[in-house]
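Close look at the chain arrangement
Spelled out, the chains give:
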Amino acid sequence: MTDLPLADLDVFAAVAQHRSFRAAAKLRNASASSLSDAVRRLEARLGVRLLNRTTRSVSLTDAGERLLERLRPGLAEIEAALDGVNDFRDRPVGRLRLNVPGIVARAILPDLAARFLLLHPGITLEVSTNDALIDVIGEGFDAGVRYEEALQPDMIAVPIGPRIQRYVAAAAPAYLAGCGVPVHPQDLLAHRCILHRFSSGRVLSWLFEDGNGREFSILPPARIIAETSELEVELACRGLGVVFSFEDFLAPALARGDLVAVLQDWSPRFSGPFLYYNSRRHMPSPLRAFVEFLRTEQKRNESADAREST
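I will try to describe carefully the structure that is included in this document. (Residues numbered from 1 in each chain as written. Predicted model: local features only at pLDDT ≥ 70, side-chain atom pairs only at ≥ 80, totals over all residues. Heavy atoms only, no water.)

1. Digging into the pattern of salt bridges
- All told, the structure shown has 14 salt bridges when counted by the stated rule.
- Its salt-bridge partner being Glu43, residue Arg53 comes within 3.0 Å of it at the nearest N-O pair. Taken together, the residues span a long stretch of sequence, with Arg53 in strand S1 (residues 51-53) and Glu43 in helix H3 (residues 32-46) at a distance of 10 residues.
- Owing to a relative accessible area of 27%, Arg53 belongs among the partly exposed residues under this scheme.
- Among the residues examined, Glu43 registers a relative accessible area of 11% and is labelled buried.
- Where Glu247 meets Arg166, a salt bridge forms, and the shortest distance between an N and an O atom there is 3.1 Å. Taken together, the positions of Glu247 in helix H9 (residues 247-256) and Arg166 in strand S7 (residues 164-171) put the pair 81 residues apart, joining distant regions of the chain.
- One network of salt bridges, in which partners are shared, links Asp111, Arg115, Glu297 and Arg300. (Salt bridge = Lys/Arg side-chain N within 4 Å of Asp/Glu carboxyl O. Helix = DSSP H or I, 4+ residues; strand = E, 2+ residues; numbered from the N terminus. Buried < 20%, exposed > 50% of the residue type's maximum accessible area, 1.4 Å probe, protein only.)

Printed below as a string of structure tokens:
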């Protein structure tokens, strides 16, 4: 058994962790069929079935459960040992796997990622967009990006992007001309509204806050419920109702005049997102480089803010 191919063991661990050949293949830039072949070779060599496969699911057999439990620490040590070689390079190389929410993928990460990758040409960036609260580390990512209320206490968090963001309500000029301009959040009960459904299936109430910190929560009547912010903004621009979303999503339409912000005295402000990673896990050199980059960015932004305030 000493001649078992390490690559096939690694493939088995990835498929078992994700319970999916397709998901594991996507993260590895490989085909699902090649991963399936690797697992079959391993099962043939061992003489036992490790995975139960159907057209819709993948599950572990008892033998597979036991093998995965023993493999995980060893594969993690091998990965850490190989990554340690990066300490002897002038620049880090390798893969940085991030899981980020849609707002970060669209409005924050593009600029940061472009400048970071120019500094580190040996790093390959893999980004998965997901608004759901998942076990980012358990799913095989090096780090995730989430907002403060979703951070777990045993994680290290580093600010990424703007430190303050806000939600804005807006509608097309023609809609406001015909239906009136709301002056209080409660006025939205008499309006047609465009609501957002998260990947969890939830449709959240709209939370407003005035300048004195008073909050007002309301679930307005829905004319439209969608799961894509671009669709919501486009339908609002076409006069189909009031939309309530990240200011970053609405900014282009507001600048063009396709949308007009309303209830601005009630626009809630909140802390910007954080990159987070496991404090008890070996830190791959691509992630270490990204964290150092973000901390440098934060110091630069703080210095710029200080100059502007003087």
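Resuming the write-up.
2. Concerning the state of the cysteines
- Within this structure, the stated rule accounts for zero disulfides.
- Free cysteine Cys193: the closest other cysteine sulfur is in Cys179, separated by 10 Å.
- Judged by its relative accessible area of 0%, Cys193 is buried.
- Among the cysteines around Cys237, which has no disulfide bond, Cys193 carries the closest sulfur, lying 15 Å off. (Disulfide = S-S within 2.5 Å.)

3. Quick look at the packing of helix H1 (residues 6-18) against H3
- Between H1 and H3, the shortest axis-to-axis distance is 9 Å and the interhelical angle comes to 115 degrees. On the basis of their axis angle, the class for H1 and H3 is roughly perpendicular. Here the hand of the crossing between H1 and H3 comes out left-handed. Residues Asp8, Leu9, Val11, Phe12 and Val15 of H1 form the contact with H3, whose own contacting residues are Leu35, Ala38, Val39, Arg41 and Leu42.
- Split by residue class, the contact of H1 with H3 holds eight nonpolar, no polar and two charged. (Axes fitted to C-alpha atoms, helices over the stretch in contact; angles between N-to-C directions. Parallel < 35°, antiparallel > 145°, perpendicular 65-115°, else oblique. Left-handed = near helix turned anticlockwise from the far one by under 90°. Contact = heavy atoms within 4.5 Å. Nonpolar A, V, L, I, M, F, W, Y, C, P; charged D, E, K, R; others polar.)

4. Re the nonpolar core
- Among the nonpolar cores identified, the biggest contains 26 residues, and Leu275, Phe290 and Leu294 are the most heavily contacted of them.
- For this core, the secondary structure elements donating two or more residues are strand S3 (94-100), helix H5 (102-107), helix H6 (109-119), strand S5 (143-146), strand S15 (274-278) and helix H10 (285-309).
- In this structure, Leu294 is in contact with Leu112, Val158, Pro159, Ile160 and Leu275, ignoring residues within four places of it in sequence.
- Leu9, Val39, Leu50 and Leu60 belong to the second-largest nonpolar core, a separate cluster that totals 21 residues. (Core = buried A, V, L, I, M, F, W, Y, C linked by side-chain atoms within 4.5 Å.)

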